[in-house]
Amino acid sequence: MKKVSLLMSLCCGLLFPTITFAQSVLAADGGSSRRSGITIDWTLGELATATVPTPGGMITEGFQQPHLSVAIVPAPPPIVAAGSKPVDYNISLAPNPVQHLLQVKMQHTEAIPMTLRLVHPNGQLLLQQAVNSLSSFEIDFSAYPSGLYLIQFLETKGRLIETYKVTKF
């Protein structure tokens, strides 16, 4: 009996070669390059990828997924004169996203002159006006196309105080 099972195992091994499965990708193009101890593997146009949210984060399916680490970069501290406290201008903008009129309200303890700038993401300056830290006013977005805009508040010397992202729909 042992001879028969050994003989069958040997015949099966010869008739059916070992099958190995390797990782493969269906993509428009790809390649691999190695220089100075660094290897870069890339694919272009993977046809089957998906991103799945999990309790611990997100998993993106794909063949060229690097080992990612996410770091939070802290904002730089405000620039203040020695012995003084940072200024809180208490600026609020609503509604965001905006369709027509954006309400801007600033509440500070004293009137401090500053400049408001409305900037398109491509850098084009759309609006610039003088305001003070006790102002309440509206910005009319009716003439602007849908998209993301930046509202910047600057001191009279040109130092940036705050930047807000406003979405026009």
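What counts, and where the lines are drawn
Residues numbered from 1 in each chain as written. Predicted model: local features only at pLDDT ≥ 70, side-chain atom pairs only at ≥ 80, totals over all residues. Heavy atoms only, no water. Salt bridge = Lys/Arg side-chain N within 4 Å of Asp/Glu carboxyl O. Buried < 20%, exposed > 50% of the residue type's maximum accessible area, 1.4 Å probe, protein only. Pairing = 2+ DSSP bridges. Helix = DSSP H or I, 4+ residues; strand = E, 2+ residues; numbered from the N terminus. Axes fitted to C-alpha atoms, helices over the stretch in contact; angles between N-to-C directions. pLDDT = per-residue confidence, 0-100. Contact = heavy atoms within 4.5 Å. Phe/Tyr/Trp six-rings, centres within 6.5 Å; stacked < 30°, edge-to-face > 60°.

Participant: So what's going on with the pattern of salt bridges? Residues and values would help.
Facilitator: All told, the structure shown has 1 salt bridge when counted by the stated rule. Between Arg159 and Glu155 there is a salt bridge, with the nearest N and O atoms lying 3.0 Å from each other. We classify Arg159 as partly exposed; its relative accessible area is 33%. A relative accessible area of 24% means that Glu155 is categorised as partly exposed.

Participant: Now, about the sheet that holds strand S8 (residues 125-132): what can you tell me, with residues and values included?
Facilitator: What the 4 strands build is an open sheet, ordered S8-S7-S10-S11; its pairing is antiparallel. Sheet topology places S8 and strand S11 (160-168) at the edges, where each strand pairs with a single neighbour. Direction aside, neighbouring strands of the sheet carry axes that sit 20° apart on average.

Participant: Can you lay out the confidence of the model for the protein for me, pointing to particular residues and giving the numbers?
Facilitator: Here the protein averages 74 in pLDDT, while 58% of its residues score no lower than 70. A low-confidence stretch, residues 67-72 (pLDDT under 50), is modelled with 0 contacts involving residues beyond four sequence positions or located in other chains.

Participant: Which residues make up the pairing of strand S6 (residues 101-106), and what values do they have?
Facilitator: Side chains Leu102, Val104 and Met106 project from S6 onto a buried face, and the interleaved Leu101, Gln103 and Lys105 project onto a face without burial. Where strand S5 (residues 91-94) and S6 come together, 4 bridges link them in antiparallel fashion. Bridging across to S6, Ile91 finds its partner in Met106. Where S6 and strand S9 (residues 136-140) come together, 5 bridges link them in antiparallel fashion.

Participant: Kindly report on the sheet that holds S6, identifying the contributing residues and their values.
Facilitator: The antiparallel open sheet is built from 3 strands, whose spatial order is S5-S6-S9. Since the sheet does not close on itself, it has two edges, and those belong to S5 and S9, each with one partner. Taking each pair of neighbouring strands and ignoring which way they run, the sheet shows an average axis angle of 20°.

Participant: Summarise unusual backbone geometry; cite the residues concerned and give the values.
Facilitator: At the junction of Ala94 and Pro95, the peptide bond is cis and its omega measures out at -5° in the coordinates. Within the secondary structure layout, Pro95 lies in the loop between S5 and S6. Note that the residue after Asn96, namely Pro97, is joined by a cis bond; omega there is 15°. On the secondary structure map, Pro97 appears in the loop between S5 and S6. Non-glycine residue Ser36 carries a positive phi angle of around 50°.

Participant: A description of the packing of aromatic side chains should follow, citing residues and the corresponding values.
Facilitator: Each aromatic ring pair is described using two quantities: the centre-to-centre distance and the angle formed by the ring planes. This model, assessed by the stated rule, comprises 4 aromatic pairs. Judged by centre distance (5.8 Å) and plane angle (75°), the rings of Phe141 and Tyr144 are edge-to-face. Tyr144 matches Phe141 in its accessibility class, with the two residues each being buried. Each ring, one from Tyr144 and one from Tyr149, has its centre 5.8 Å from the other, and the planes form 45°; the classification is tilted. The same class applies to Tyr144 as to Tyr149, namely buried. An aromatic cluster is present here, built from Phe141, Tyr144 and Tyr149 joined pairwise through their rings.

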